[in-house]
Amino acid sequence: MRARATVAAVVLAALAACQPDDDGNMIAGVDDRLLDPKTCETCHPRHYREWLGSMHAYAAEDPVFRAMNARGQRETNGALGDFCVKCHAPMAVELGLTRDGLNLDEVPQHLQGVTCYFCHTVAAVEGTHNNPLRLAYNDVMLGAIRDPVPTDAHRSAYSPHLDESTMESADMCGACHDIVTDAGVHLERTYLEWLDSFMSDVDPLSGGPAPYGQRCGSCHMGPFERGPIADAPGVRADRRHSSHMMVGVDVALTDFPDAELGPQLRAEQLHEMENGLLRRNAVCATICVNPADHGGTDVDVYLHNEHSAHAWPSGAAQDRRAWLELRVWSGEVEVLQSGVLPETTPIDGLDDPNLWEMRDFVYDDAGNVAHMFWDVRQVDSRLLPAAPVLSPEGDRETWRARRFSVPEAAVDRVTTRVRLRPMGLAVLDDLIESGDLDAAIRDAMPIFDVRPTVLEWTPQNAIDHPGYGSCVETLPDNCGAIVSGAEPPG
(Lines give C-alpha, C1' and ligand atoms only; values in the text may rest on other atoms or scores of the structure.)
Protein backbone atom coordinates (compact mmCIF):
# COMPACT_ATOMS: atom_id res chain seq x y z
CA MET A 1 0.00 0.00 0.00
CA ARG A 2 2.90 2.40 0.73
CA ALA A 3 4.31 1.88 -2.79
CA ARG A 4 0.89 2.64 -4.27
CA ALA A 5 0.59 5.79 -2.17
CA THR A 6 4.04 6.95 -3.27
CA VAL A 7 3.13 6.53 -6.94
CA ALA A 8 -0.16 8.30 -6.39
CA ALA A 9 1.53 11.21 -4.64
CA VAL A 10 3.88 11.77 -7.57
CA VAL A 11 1.05 11.55 -10.09
CA LEU A 12 -1.28 13.83 -8.20
CA ALA A 13 1.36 16.46 -7.61
CA ALA A 14 2.20 16.51 -11.30
CA LEU A 15 -1.41 16.70 -12.39
CA ALA A 16 -2.22 19.42 -9.88
CA ALA A 17 0.42 21.61 -11.51
CA CYS A 18 -0.76 20.78 -15.02
CA GLN A 19 -3.38 22.87 -16.78
CA PRO A 20 -4.60 22.84 -20.39
CA ASP A 21 -2.99 25.42 -22.66
CA ASP A 22 -4.91 27.84 -24.88
CA ASP A 23 -5.56 25.10 -27.44
CA GLY A 24 -6.94 22.73 -24.80
CA ASN A 25 -3.81 20.56 -24.75
CA MET A 26 -2.00 19.47 -21.60
CA ILE A 27 1.35 21.14 -21.00
CA ALA A 28 4.25 18.86 -21.91
CA GLY A 29 6.20 17.21 -19.12
CA VAL A 30 3.28 16.00 -17.00
CA ASP A 31 3.80 12.69 -15.21
CA ASP A 32 1.05 10.78 -16.96
CA ARG A 33 0.87 7.61 -14.87
CA LEU A 34 -2.66 8.43 -13.84
CA LEU A 35 -3.50 8.54 -17.53
CA ASP A 36 -2.27 4.96 -17.96
CA PRO A 37 -4.92 2.21 -17.58
CA LYS A 38 -2.18 -0.06 -16.21
CA THR A 39 -2.06 2.20 -13.14
CA CYS A 40 -5.79 1.59 -12.67
CA GLU A 41 -5.21 -2.16 -12.86
CA THR A 42 -3.40 -2.02 -9.51
CA CYS A 43 -6.66 -1.43 -7.63
CA HIS A 44 -9.22 -2.34 -10.30
CA PRO A 45 -7.92 -5.55 -11.91
CA ARG A 46 -11.34 -6.79 -12.97
CA HIS A 47 -12.36 -3.49 -14.53
CA TYR A 48 -9.04 -3.31 -16.31
CA ARG A 49 -9.27 -6.83 -17.72
CA GLU A 50 -12.79 -6.24 -19.01
CA TRP A 51 -11.76 -2.93 -20.56
CA LEU A 52 -8.67 -4.50 -22.15
CA GLY A 53 -10.92 -6.90 -24.06
CA SER A 54 -13.30 -4.15 -25.14
CA MET A 55 -13.52 -2.20 -28.37
CA HIS A 56 -12.79 0.92 -26.32
CA ALA A 57 -9.29 -0.36 -25.61
CA TYR A 58 -8.94 -1.53 -29.22
CA ALA A 59 -10.36 1.58 -30.88
CA ALA A 60 -7.06 3.07 -32.09
CA GLU A 61 -5.50 -0.33 -32.84
CA ASP A 62 -8.28 -1.48 -35.18
CA PRO A 63 -6.69 -1.94 -38.62
CA VAL A 64 -9.93 -1.01 -40.40
CA PHE A 65 -10.03 2.32 -38.54
CA ARG A 66 -6.37 2.92 -39.36
CA ALA A 67 -6.92 2.07 -43.03
CA MET A 68 -10.04 4.18 -43.41
CA ASN A 69 -8.47 7.15 -41.64
CA ALA A 70 -5.32 6.95 -43.80
CA ARG A 71 -7.36 6.80 -46.98
CA GLY A 72 -9.65 9.59 -45.80
CA GLN A 73 -6.73 11.89 -45.04
CA ARG A 74 -5.29 11.20 -48.49
CA GLU A 75 -8.51 11.59 -50.46
CA THR A 76 -9.57 14.77 -48.64
CA ASN A 77 -6.07 16.30 -48.74
CA GLY A 78 -6.00 16.34 -44.95
CA ALA A 79 -9.38 18.01 -44.51
CA LEU A 80 -10.55 14.99 -42.52
CA GLY A 81 -8.30 16.20 -39.70
CA ASP A 82 -9.15 14.74 -36.30
CA PHE A 83 -12.66 13.65 -37.33
CA CYS A 84 -11.92 9.94 -36.77
CA VAL A 85 -9.15 10.02 -34.22
CA LYS A 86 -10.88 12.27 -31.70
CA CYS A 87 -13.21 9.37 -30.95
CA HIS A 88 -10.76 6.49 -31.51
CA ALA A 89 -7.85 8.03 -29.54
CA PRO A 90 -9.35 10.99 -27.70
CA MET A 91 -6.58 11.38 -25.11
CA ALA A 92 -3.94 11.53 -27.84
CA VAL A 93 -5.90 14.37 -29.41
CA GLU A 94 -6.53 16.07 -26.05
CA LEU A 95 -2.83 16.03 -25.27
CA GLY A 96 -1.85 17.32 -28.70
CA LEU A 97 0.01 14.13 -29.60
CA THR A 98 -1.84 13.72 -32.90
CA ARG A 99 -3.94 15.89 -35.14
CA ASP A 100 -4.92 13.39 -37.79
CA GLY A 101 -4.14 9.91 -36.44
CA LEU A 102 -1.45 9.23 -39.03
CA ASN A 103 1.27 9.12 -36.37
CA LEU A 104 -0.44 6.80 -33.88
CA ASP A 105 2.49 4.40 -34.00
CA GLU A 106 4.52 7.14 -32.31
CA VAL A 107 1.90 7.78 -29.59
CA PRO A 108 2.34 5.83 -26.32
CA GLN A 109 -0.01 2.86 -26.27
CA HIS A 110 -1.66 3.94 -23.02
CA LEU A 111 -2.84 7.17 -24.64
CA GLN A 112 -4.57 5.38 -27.50
CA GLY A 113 -8.10 4.03 -27.48
CA VAL A 114 -10.85 5.19 -25.15
CA THR A 115 -9.13 5.09 -21.77
CA CYS A 116 -10.15 5.04 -18.13
CA TYR A 117 -9.03 8.63 -17.61
CA PHE A 118 -10.96 9.90 -20.61
CA CYS A 119 -14.33 8.54 -19.46
CA HIS A 120 -13.88 9.00 -15.73
CA THR A 121 -12.94 12.70 -15.84
CA VAL A 122 -15.73 13.99 -18.09
CA ALA A 123 -16.85 17.30 -16.59
CA ALA A 124 -19.48 18.25 -19.16
CA VAL A 125 -21.25 17.09 -22.30
CA GLU A 126 -21.36 20.07 -24.64
CA GLY A 127 -23.16 18.62 -27.64
CA THR A 128 -24.94 15.61 -29.09
CA HIS A 129 -22.43 14.14 -31.53
CA ASN A 130 -18.77 13.89 -32.64
CA ASN A 131 -17.30 13.76 -29.11
CA PRO A 132 -18.18 17.08 -27.51
CA LEU A 133 -16.96 15.93 -24.07
CA ARG A 134 -15.04 18.36 -21.87
CA LEU A 135 -12.59 16.86 -19.36
CA ALA A 136 -11.89 18.19 -15.89
CA TYR A 137 -8.08 17.75 -16.15
CA ASN A 138 -7.58 16.87 -12.51
CA ASP A 139 -6.99 13.89 -10.27
CA VAL A 140 -10.65 13.30 -9.35
CA MET A 141 -11.87 10.02 -10.78
CA LEU A 142 -15.61 10.22 -11.33
CA GLY A 143 -17.98 7.26 -11.11
CA ALA A 144 -21.43 6.00 -10.16
CA ILE A 145 -20.69 5.74 -6.43
CA ARG A 146 -22.41 8.53 -4.51
CA ASP A 147 -20.39 8.02 -1.32
CA PRO A 148 -16.92 6.86 -2.43
CA VAL A 149 -14.47 5.65 0.18
CA PRO A 150 -11.37 7.88 0.40
CA THR A 151 -8.17 6.19 -0.79
CA ASP A 152 -4.54 7.13 -1.24
CA ALA A 153 -4.64 6.37 -4.96
CA HIS A 154 -6.73 9.32 -6.16
CA ARG A 155 -9.64 11.51 -5.20
CA SER A 156 -13.10 10.22 -6.11
CA ALA A 157 -16.48 11.81 -6.70
CA TYR A 158 -19.93 10.99 -8.03
CA SER A 159 -20.98 11.99 -11.53
CA PRO A 160 -24.37 11.36 -13.13
CA HIS A 161 -22.52 10.97 -16.44
CA LEU A 162 -21.08 7.67 -15.13
CA ASP A 163 -24.30 6.44 -13.48
CA GLU A 164 -26.39 4.34 -15.87
CA SER A 165 -29.52 5.04 -13.82
CA THR A 166 -29.49 8.66 -15.00
CA MET A 167 -30.38 10.31 -18.28
CA GLU A 168 -27.02 12.08 -18.23
CA SER A 169 -25.18 8.79 -18.68
CA ALA A 170 -26.86 8.23 -22.05
CA ASP A 171 -26.04 11.79 -23.04
CA MET A 172 -22.37 11.09 -22.39
CA CYS A 173 -22.23 7.78 -24.27
CA GLY A 174 -24.43 9.05 -27.07
CA ALA A 175 -22.31 12.10 -27.71
CA CYS A 176 -19.53 9.87 -29.08
CA HIS A 177 -21.83 7.27 -30.64
CA ASP A 178 -23.61 9.76 -32.87
CA ILE A 179 -21.73 11.02 -35.91
CA VAL A 180 -22.46 13.91 -38.28
CA THR A 181 -20.03 14.29 -41.17
CA ASP A 182 -18.55 17.56 -42.40
CA ALA A 183 -21.00 17.32 -45.29
CA GLY A 184 -23.87 17.47 -42.79
CA VAL A 185 -24.85 13.79 -43.17
CA HIS A 186 -26.13 12.25 -39.92
CA LEU A 187 -24.28 9.03 -40.57
CA GLU A 188 -24.33 7.23 -37.22
CA ARG A 189 -27.49 7.85 -35.23
CA THR A 190 -27.44 5.55 -32.19
CA TYR A 191 -28.07 8.38 -29.72
CA LEU A 192 -30.77 9.95 -31.91
CA GLU A 193 -32.42 6.55 -32.33
CA TRP A 194 -32.49 6.18 -28.55
CA LEU A 195 -33.93 9.68 -28.11
CA ASP A 196 -36.69 8.84 -30.60
CA SER A 197 -37.63 5.61 -28.78
CA PHE A 198 -39.72 5.12 -25.66
CA MET A 199 -36.59 3.81 -23.96
CA SER A 200 -35.55 7.45 -23.40
CA ASP A 201 -38.85 8.45 -21.74
CA VAL A 202 -38.64 10.61 -18.62
CA ASP A 203 -40.63 9.85 -15.47
CA PRO A 204 -42.92 12.89 -15.05
CA LEU A 205 -42.87 12.55 -11.26
CA SER A 206 -39.16 12.17 -10.58
CA GLY A 207 -37.75 13.88 -13.65
CA GLY A 208 -35.43 10.90 -14.05
CA PRO A 209 -35.64 7.91 -16.41
CA ALA A 210 -38.98 6.17 -16.78
CA PRO A 211 -39.05 2.84 -14.90
CA TYR A 212 -39.37 0.90 -18.16
CA GLY A 213 -36.60 2.83 -19.92
CA GLN A 214 -33.03 1.88 -20.73
CA ARG A 215 -29.80 3.78 -21.01
CA CYS A 216 -26.65 2.70 -22.82
CA GLY A 217 -25.22 1.12 -19.68
CA SER A 218 -28.40 -0.87 -19.04
CA CYS A 219 -27.44 -3.21 -21.89
CA HIS A 220 -23.80 -2.63 -22.70
CA MET A 221 -22.57 -2.69 -19.09
CA GLY A 222 -25.08 -5.03 -17.49
CA PRO A 223 -26.22 -7.22 -15.88
CA PHE A 224 -24.75 -5.86 -12.68
CA GLU A 225 -23.13 -7.66 -9.78
CA ARG A 226 -22.60 -6.74 -6.15
CA GLY A 227 -19.16 -6.71 -4.59
CA PRO A 228 -16.09 -4.55 -3.98
CA ILE A 229 -15.06 -2.43 -6.97
CA ALA A 230 -11.47 -1.95 -5.84
CA ASP A 231 -8.71 -4.09 -4.36
CA ALA A 232 -7.78 -1.75 -1.55
CA PRO A 233 -8.21 -1.44 2.24
CA GLY A 234 -11.51 -0.06 3.50
CA VAL A 235 -13.57 -0.54 0.37
CA ARG A 236 -17.13 -1.70 0.77
CA ALA A 237 -18.36 -5.08 -0.44
CA ASP A 238 -21.89 -3.99 -1.36
CA ARG A 239 -21.07 -1.87 -4.39
CA ARG A 240 -22.60 -2.48 -7.80
CA HIS A 241 -20.04 -3.62 -10.36
CA SER A 242 -20.55 -2.77 -14.02
CA SER A 243 -18.90 -4.80 -16.75
CA HIS A 244 -16.42 -2.76 -18.77
CA MET A 245 -16.46 -5.16 -21.75
CA MET A 246 -19.18 -2.93 -23.28
CA VAL A 247 -20.08 -5.57 -25.85
CA GLY A 248 -21.61 -4.48 -29.15
CA VAL A 249 -21.25 -6.03 -32.59
CA ASP A 250 -17.63 -5.18 -33.42
CA VAL A 251 -14.75 -7.49 -32.55
CA ALA A 252 -10.97 -7.34 -32.36
CA LEU A 253 -9.44 -8.40 -35.68
CA THR A 254 -5.84 -8.73 -34.46
CA ASP A 255 -4.18 -10.20 -31.39
CA PHE A 256 -4.52 -7.13 -29.21
CA PRO A 257 -2.70 -6.38 -26.97
CA ASP A 258 -0.29 -9.23 -27.79
CA ALA A 259 -0.12 -12.72 -29.28
CA GLU A 260 -0.43 -14.39 -25.88
CA LEU A 261 -3.36 -12.53 -24.34
CA GLY A 262 -5.07 -11.36 -27.54
CA PRO A 263 -6.65 -14.69 -28.57
CA GLN A 264 -7.98 -15.25 -25.07
CA LEU A 265 -9.54 -11.78 -24.91
CA ARG A 266 -11.05 -12.24 -28.34
CA ALA A 267 -12.55 -15.59 -27.30
CA GLU A 268 -14.09 -13.96 -24.21
CA GLN A 269 -15.45 -11.15 -26.34
CA LEU A 270 -17.01 -13.53 -28.87
CA HIS A 271 -18.47 -15.70 -26.10
CA GLU A 272 -20.17 -12.71 -24.52
CA MET A 273 -21.46 -11.53 -27.88
CA GLU A 274 -22.98 -14.91 -28.65
CA ASN A 275 -24.32 -15.73 -25.19
CA GLY A 276 -24.95 -12.43 -23.44
CA LEU A 277 -28.36 -10.84 -23.24
CA LEU A 278 -27.36 -8.08 -25.64
CA ARG A 279 -27.55 -10.09 -28.85
CA ARG A 280 -29.61 -13.00 -27.61
CA ASN A 281 -32.73 -10.86 -27.35
CA ALA A 282 -31.97 -8.16 -29.92
CA VAL A 283 -34.12 -9.35 -32.84
CA CYS A 284 -36.99 -11.83 -32.88
CA ALA A 285 -38.66 -13.61 -35.79
CA THR A 286 -41.81 -15.40 -36.86
CA ILE A 287 -42.48 -17.63 -39.89
CA CYS A 288 -46.05 -18.09 -41.14
CA VAL A 289 -46.88 -20.43 -44.03
CA ASN A 290 -50.23 -20.50 -45.83
CA PRO A 291 -51.75 -21.61 -49.13
CA ALA A 292 -51.68 -18.75 -51.64
CA ASP A 293 -54.94 -17.43 -53.08
CA HIS A 294 -54.07 -18.51 -56.60
CA GLY A 295 -52.14 -21.72 -55.92
CA GLY A 296 -48.76 -22.34 -54.45
CA THR A 297 -47.68 -21.17 -51.00
CA ASP A 298 -47.04 -17.84 -49.26
CA VAL A 299 -44.19 -17.76 -46.77
CA ASP A 300 -44.39 -14.68 -44.53
CA VAL A 301 -41.39 -13.74 -42.41
CA TYR A 302 -41.70 -11.20 -39.60
CA LEU A 303 -38.77 -9.52 -37.84
CA HIS A 304 -39.01 -7.48 -34.67
CA ASN A 305 -36.50 -5.21 -32.95
CA GLU A 306 -37.19 -6.65 -29.53
CA HIS A 307 -34.86 -5.27 -26.89
CA SER A 308 -32.54 -2.78 -28.58
CA ALA A 309 -33.05 0.73 -27.26
CA HIS A 310 -32.05 1.97 -30.71
CA ALA A 311 -32.48 0.78 -34.29
CA TRP A 312 -30.96 -2.52 -35.35
CA PRO A 313 -28.26 -2.78 -36.46
CA SER A 314 -26.99 0.55 -35.23
CA GLY A 315 -23.74 2.50 -35.20
CA ALA A 316 -21.86 2.37 -38.49
CA ALA A 317 -24.94 0.95 -40.17
CA GLN A 318 -23.61 1.96 -43.59
CA ASP A 319 -20.72 -0.48 -43.10
CA ARG A 320 -22.61 -3.30 -41.40
CA ARG A 321 -24.22 -6.11 -43.33
CA ALA A 322 -27.29 -7.81 -41.85
CA TRP A 323 -29.65 -9.93 -43.91
CA LEU A 324 -32.24 -12.69 -43.78
CA GLU A 325 -31.28 -16.16 -44.93
CA LEU A 326 -34.40 -18.05 -45.97
CA ARG A 327 -34.63 -21.64 -47.27
CA VAL A 328 -37.85 -23.36 -48.33
CA TRP A 329 -38.42 -27.06 -49.15
CA SER A 330 -41.14 -29.08 -50.75
CA GLY A 331 -40.35 -32.65 -49.79
CA GLU A 332 -36.67 -33.17 -50.53
CA VAL A 333 -36.54 -30.35 -53.10
CA GLU A 334 -35.39 -26.87 -52.09
CA VAL A 335 -37.85 -24.67 -53.99
CA LEU A 336 -36.72 -21.23 -52.78
CA GLN A 337 -33.74 -19.69 -51.11
CA SER A 338 -32.66 -16.14 -50.37
CA GLY A 339 -29.60 -14.69 -48.68
CA VAL A 340 -27.67 -17.95 -49.01
CA LEU A 341 -24.02 -17.48 -49.91
CA PRO A 342 -20.53 -18.71 -48.98
CA GLU A 343 -19.20 -16.93 -45.92
CA THR A 344 -16.27 -15.48 -47.86
CA THR A 345 -18.55 -13.88 -50.47
CA PRO A 346 -19.81 -10.28 -50.11
CA ILE A 347 -23.56 -9.90 -49.83
CA ASP A 348 -23.24 -6.76 -51.99
CA GLY A 349 -24.27 -7.40 -55.58
CA LEU A 350 -25.76 -10.81 -54.87
CA ASP A 351 -28.16 -11.75 -57.70
CA ASP A 352 -31.14 -12.27 -55.42
CA PRO A 353 -34.38 -10.33 -56.06
CA ASN A 354 -35.80 -11.53 -52.73
CA LEU A 355 -32.83 -10.41 -50.60
CA TRP A 356 -33.85 -8.70 -47.37
CA GLU A 357 -31.07 -6.53 -45.97
CA MET A 358 -31.13 -4.41 -42.82
CA ARG A 359 -28.60 -1.58 -43.11
CA ASP A 360 -28.05 1.95 -44.35
CA PHE A 361 -27.59 2.14 -48.11
CA VAL A 362 -25.39 5.16 -48.83
CA TYR A 363 -24.63 7.09 -52.01
CA ASP A 364 -22.46 9.94 -53.22
CA ASP A 365 -23.54 13.16 -54.96
CA ALA A 366 -24.05 11.34 -58.25
CA GLY A 367 -26.15 8.58 -56.70
CA ASN A 368 -23.40 5.99 -56.89
CA VAL A 369 -22.86 3.49 -54.07
CA ALA A 370 -20.40 4.93 -51.53
CA HIS A 371 -18.14 2.86 -49.30
CA MET A 372 -16.16 5.66 -47.66
CA PHE A 373 -18.08 7.90 -45.28
CA TRP A 374 -16.58 11.19 -46.52
CA ASP A 375 -18.17 10.49 -49.92
CA VAL A 376 -21.67 9.94 -48.49
CA ARG A 377 -24.35 12.51 -49.35
CA GLN A 378 -27.50 10.38 -49.32
CA VAL A 379 -28.70 7.73 -46.85
CA ASP A 380 -31.48 5.22 -47.49
CA SER A 381 -32.01 3.66 -44.07
CA ARG A 382 -33.59 0.21 -43.88
CA LEU A 383 -32.93 -0.64 -40.24
CA LEU A 384 -35.31 -2.34 -37.85
CA PRO A 385 -36.59 0.63 -35.81
CA ALA A 386 -37.05 0.90 -32.07
CA ALA A 387 -40.58 1.55 -30.86
CA PRO A 388 -41.34 5.28 -30.53
CA VAL A 389 -43.92 4.87 -27.77
CA LEU A 390 -44.70 2.24 -25.17
CA SER A 391 -48.02 1.03 -26.53
CA PRO A 392 -49.42 -1.63 -28.86
CA GLU A 393 -49.41 0.97 -31.63
CA GLY A 394 -45.75 1.76 -30.98
CA ASP A 395 -44.87 -1.91 -30.95
CA ARG A 396 -46.71 -2.43 -34.23
CA GLU A 397 -44.42 0.16 -35.84
CA THR A 398 -41.32 -1.91 -35.05
CA TRP A 399 -42.40 -5.04 -36.93
CA ARG A 400 -41.21 -5.57 -40.47
CA ALA A 401 -42.59 -8.31 -42.74
CA ARG A 402 -41.85 -9.82 -46.14
CA ARG A 403 -43.85 -12.27 -48.23
CA PHE A 404 -42.03 -14.89 -50.28
CA SER A 405 -44.16 -16.65 -52.91
CA VAL A 406 -43.63 -20.25 -53.91
CA PRO A 407 -45.75 -20.90 -57.00
CA GLU A 408 -47.26 -24.32 -57.62
CA ALA A 409 -45.65 -26.03 -54.63
CA ALA A 410 -46.80 -27.25 -51.24
CA VAL A 411 -44.25 -26.29 -48.61
CA ASP A 412 -43.40 -28.59 -45.71
CA ARG A 413 -40.23 -27.04 -44.30
CA VAL A 414 -38.88 -23.48 -43.92
CA THR A 415 -35.77 -22.24 -42.10
CA THR A 416 -34.64 -18.70 -41.32
CA ARG A 417 -31.74 -16.95 -39.67
CA VAL A 418 -30.64 -13.32 -39.64
CA ARG A 419 -26.93 -13.07 -40.35
CA LEU A 420 -24.76 -10.16 -39.25
CA ARG A 421 -21.29 -9.15 -40.35
CA PRO A 422 -19.91 -6.17 -38.37
CA MET A 423 -18.38 -4.71 -41.55
CA GLY A 424 -19.21 -5.68 -45.11
CA LEU A 425 -16.63 -7.49 -47.20
CA ALA A 426 -17.23 -5.05 -50.05
CA VAL A 427 -16.01 -2.22 -47.82
CA LEU A 428 -12.95 -4.21 -46.79
CA ASP A 429 -12.24 -5.16 -50.40
CA ASP A 430 -12.34 -1.48 -51.34
CA LEU A 431 -9.75 -0.68 -48.66
CA ILE A 432 -7.61 -3.64 -49.71
CA GLU A 433 -7.74 -2.58 -53.36
CA SER A 434 -6.61 0.95 -52.47
CA GLY A 435 -3.63 -0.52 -50.61
CA ASP A 436 -4.72 0.75 -47.20
CA LEU A 437 -5.70 -2.57 -45.58
CA ASP A 438 -3.88 -5.87 -45.27
CA ALA A 439 -5.83 -8.54 -47.15
CA ALA A 440 -5.45 -10.90 -44.17
CA ILE A 441 -7.90 -8.75 -42.18
CA ARG A 442 -10.70 -9.83 -44.50
CA ASP A 443 -10.49 -13.41 -43.24
CA ALA A 444 -10.67 -12.23 -39.62
CA MET A 445 -14.02 -10.47 -40.05
CA PRO A 446 -16.61 -12.77 -38.40
CA ILE A 447 -20.20 -13.45 -39.27
CA PHE A 448 -22.86 -14.10 -36.63
CA ASP A 449 -26.27 -15.70 -36.55
CA VAL A 450 -28.77 -13.74 -34.48
CA ARG A 451 -29.96 -16.65 -32.40
CA PRO A 452 -33.65 -15.80 -31.82
CA THR A 453 -34.13 -15.66 -35.60
CA VAL A 454 -32.81 -19.19 -36.17
CA LEU A 455 -36.16 -20.92 -36.74
CA GLU A 456 -37.60 -23.95 -38.50
CA TRP A 457 -41.23 -24.20 -39.59
CA THR A 458 -42.90 -27.52 -40.27
CA PRO A 459 -46.59 -28.42 -40.17
CA GLN A 460 -45.85 -30.51 -37.10
CA ASN A 461 -44.31 -27.74 -34.94
CA ALA A 462 -46.49 -24.84 -36.10
CA ILE A 463 -49.34 -23.24 -34.22
CA ASP A 464 -52.33 -21.37 -35.61
CA HIS A 465 -52.30 -17.60 -35.21
CA PRO A 466 -55.72 -16.15 -36.15
CA GLY A 467 -55.20 -13.77 -39.03
CA TYR A 468 -51.68 -15.00 -39.70
CA GLY A 469 -52.04 -18.71 -40.27
CA SER A 470 -49.67 -21.57 -39.47
CA CYS A 471 -46.69 -20.04 -37.63
CA VAL A 472 -43.59 -20.67 -35.57
CA GLU A 473 -41.94 -17.87 -33.60
CA THR A 474 -39.06 -17.14 -31.27
CA LEU A 475 -39.65 -18.70 -27.87
CA PRO A 476 -41.14 -16.41 -25.22
CA ASP A 477 -38.10 -16.74 -22.94
CA ASN A 478 -36.16 -14.74 -25.53
CA CYS A 479 -38.88 -12.50 -26.95
CA GLY A 480 -42.02 -11.13 -25.37
CA ALA A 481 -43.59 -9.68 -28.50
CA ILE A 482 -45.90 -11.92 -30.51
CA VAL A 483 -46.71 -11.76 -34.19
CA SER A 484 -50.28 -10.63 -33.49
CA GLY A 485 -48.81 -7.15 -33.07
CA ALA A 486 -47.62 -7.03 -36.68
CA GLU A 487 -49.21 -5.88 -39.91
CA PRO A 488 -49.42 -8.89 -42.27
CA PRO A 489 -47.75 -8.33 -45.65
CA GLY A 490 -50.22 -7.91 -48.49
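Scroll up for the structure.
What you see as residue numbers is a count from 1 along each chain, following the sequence as written. At least 70 in pLDDT is required for a residue's local features to be given in this predicted model, at least 80 for side-chain atom pairs to be given and counted, and no such filter applies to totals for whole chains, interfaces and linings, which use all residues. Excluding hydrogens and water, the side-chain figures rest on all heavy atoms present in the structure.

Now for the overall build of the chain. Each helix and strand in the chain was counted, giving 16 helices and 19 strands. C-alpha atoms define the radius of gyration, and 2.2 Å times the number of residues to the power 0.38 defines the globule rule. Computed over the C-alpha atoms, the radius of gyration of the chain is 24 Å, within 12% of the 23 Å expected from 2.2 N^0.38 for a compact globule of 490 residues. Considered along the principal axes of its C-alpha atoms, the chain spans approximately 80 × 50 × 45 Å. Contacts are assigned to residue pairs that have any heavy atoms within 4.5 Å of one another. Sequence separation of 24 or more characterises 64% of the internal contacts of the chain that already satisfy a separation of 6 or more. Surface accessibility in these figures is a Shrake-Rupley result with a 1.4 Å probe; residues are shielded only by whichever protein chains are displayed. Working note: accessible area of the chain is about 22,000 Å², and carbon and sulfur atoms make up 52% of it. Distance between charge centres in the chain, computed from 39 positive and 76 negative side chains, equals 4 Å. Secondary structure elements follow DSSP: runs of H or I no shorter than four residues count as helices, runs of E no shorter than two count as strands, and numbering proceeds from the N terminus. Under this rule, positive means Lys or Arg and negative means Asp or Glu; His and the chain ends count for nothing. Taken as the charge centre is NZ of Lys, CZ of Arg, CG of Asp or CD of Glu, depending on the residue.

The subject of this paragraph is helix α12 (residues 262-275). Compared with an ideal rise of 1.5 Å per residue, which puts 14 residues at 20 Å, α12 spans 20 Å between its outermost C-alpha atoms and is within 8% of the ideal. The complete set of buried residues in α12 reads G262, L265, R266, Q269 and M273. Buried residues of α12, viewed axially, fall in a sector of 100°; they line one side. One fewer than the residue count of a helix, multiplied by 1.5 Å, yields its expected span. With a 1.4 Å probe rolled over the protein chains alone, any residue whose accessible area is under 20% of its type maximum counts as buried; one over 50% counts as exposed, and the rest are partly exposed. What the arc measures is the spread of directions leading from the helix axis to the C-beta atoms.

All right, on to the sheet that holds strand β16 (residues 413-421) then. Two strands pair under a simple rule: DSSP has to find at least two bridges between them. Overall, antiparallel pairing links the four strands, which are arranged β12-β11-β16-β17 in an open sheet. A single partner strand is all that each edge strand has here, and the edge strands are β12 (333-338) and β17 (448-457). Averaged over neighbouring strand pairs, the angle between their axes works out to 15° when direction is ignored. The pairing of strand β11 (residues 321-330) with β12 spans five bridges and is antiparallel. Bridging across to β12, S330 finds its partner in V333. Axis angles are defined between N-to-C directions and span 0 to 180 degrees, where every axis is a line fitted to C-alpha atoms and, for a helix, only to the segment in contact.

When two cysteine sulfur atoms lie within 2.5 Å, the pair is treated as a disulfide. The tally for this structure, following the rule as stated, stands at one disulfide. As a non-bridged cysteine, C84 has C87 as the owner of its nearest cysteine sulfur, 8.7 Å distant. Taking relative accessible area as the criterion, C84 reaches 11% and is therefore assigned buried. Among the cysteines around C116, which has no disulfide bond, C40 carries the closest sulfur, lying 3.9 Å off. Using a relative accessible area of 17% as the deciding quantity, one classes C116 as buried.

Bringing unusual backbone geometry into the picture now. The phi torsion of most residues other than glycine is negative, and most of the peptide bonds are trans. The residue after F256, namely P257, is reached through a cis peptide bond having omega 0°. As for its position among the elements, P257 is in the loop between β8 (240-241) and α12. Look at the link from W312 to P313: it is a cis peptide, with omega at -10°. In this structure, P313 sits in the loop between β10 (297-305) and β11. Even without being glycine, N77 reaches a positive phi, approximately 55°. In this structure, N77 sits in the loop between α5 (63-75) and α6 (85-88).

On to the pairing of strand β9 (residues 283-291), then. Counted residue by residue, β9 has seven buried out of nine residues, so it is predominantly covered. Bridge analysis of β9 against β10 gives nine bridges, and the strand direction is antiparallel. Its bridge partner being in β10, A285 is matched across the sheet by L303. The hairpin turn running from β9 into β10, its antiparallel successor, is five residues long, and G295 in that turn takes a positive phi close to 95°. Sheet topology places β9 next to strand β19 (residues 469-473); four bridges connect them, and they run antiparallel.

This part is about the environment of N281. With respect to the helices and strands, the residue N281 is situated in the loop between α13 (277-280) and β9. Classification of N281 by relative accessible area gives buried; the value is 11%. Note: C-alpha distance between N281 and C479 (198 residues apart in sequence) is 6.4 Å.

Now for the pattern of salt bridges. A side-chain nitrogen of Lys or Arg and a carboxyl oxygen of Asp or Glu constitute a salt bridge if their distance falls within 4 Å. Inspection of the entire model under this criterion finds 33 salt bridges. Here R236 and D238 are joined by a salt bridge, their closest N and O atoms 2.9 Å apart. The class for D238 is partly exposed, based on a relative accessible area of 39%. Each of E325, E343, R417, R419 and D449 takes part in a single network of salt bridges with overlapping partners.

Moving on, we come to the nonpolar core. V64, M91, L253 and F373 are the most contacted members of the largest nonpolar core, which totals 66 residues. Non-local contacts of V64, meaning those with residues more than four positions away in its chain, are made with L253, M423, L428, L431, L437 and I441. Within the second largest apolar cluster, 30 residues are counted, among which are V249, L303, W312 and L420. We define the nonpolar core as a collection of buried residues of types Ala, Val, Leu, Ile, Met, Phe, Trp, Tyr and Cys that are connected through side-chain atoms lying within 4.5 Å of one another.

Take the packing of aromatic side chains next. Under the pairing criterion, centres of Phe, Tyr and Trp rings, with the six-membered ring standing for Trp, must be within 6.5 Å; the plane angle then separates stacked pairs below 30 degrees from edge-to-face pairs above 60, leaving the rest tilted. All told, the structure shown has eight aromatic pairs when counted by the stated rule. Each ring, one from Y191 and one from W194, has its centre 6.0 Å from the other, and the planes form 20°; the classification is stacked. Linking Y191 with W194, this pair stays in helix α10 (residues 190-195), spanning three residues, or about one helical turn. An identical accessibility class is assigned to Y191 and W194; each is buried. With a centroid separation of 6.4 Å and 80° between ring planes, the pair formed by Y302 and W399 is classed as edge-to-face.

Within the fold, I229 resides in the loop between β7 (225-226) and β8. The exposure class of I229 is partly exposed, given its relative accessible area of 25%. Counting along the chain gives 78 residues from I229 to T151, while the straight-line C-alpha distance between them is 13 Å. Not counting residues up to four positions away in its chain, the partners in contact with I229 are C43, H44, H47, I145, R239, R240 and H241.

On to the sheet that holds strand β15 (residues 399-406), then. Two pairing modes exist for strands in a sheet, parallel and antiparallel, and in both the strands are linked by backbone hydrogen bonds. With antiparallel pairing, five strands are arranged side by side in an open sheet as β15-β10-β9-β19-β18. Either end of the sheet is taken by a strand with one partner, and the two such strands are β15 and β18 (463-465). On average, each strand axis in the sheet is inclined to that of its neighbour by 30°, with strand direction left out of account. By the bridge criterion, eight bridges tie β10 to β15 in an arrangement that is antiparallel. Paired with V299 across the strands is F404, a residue of β15.

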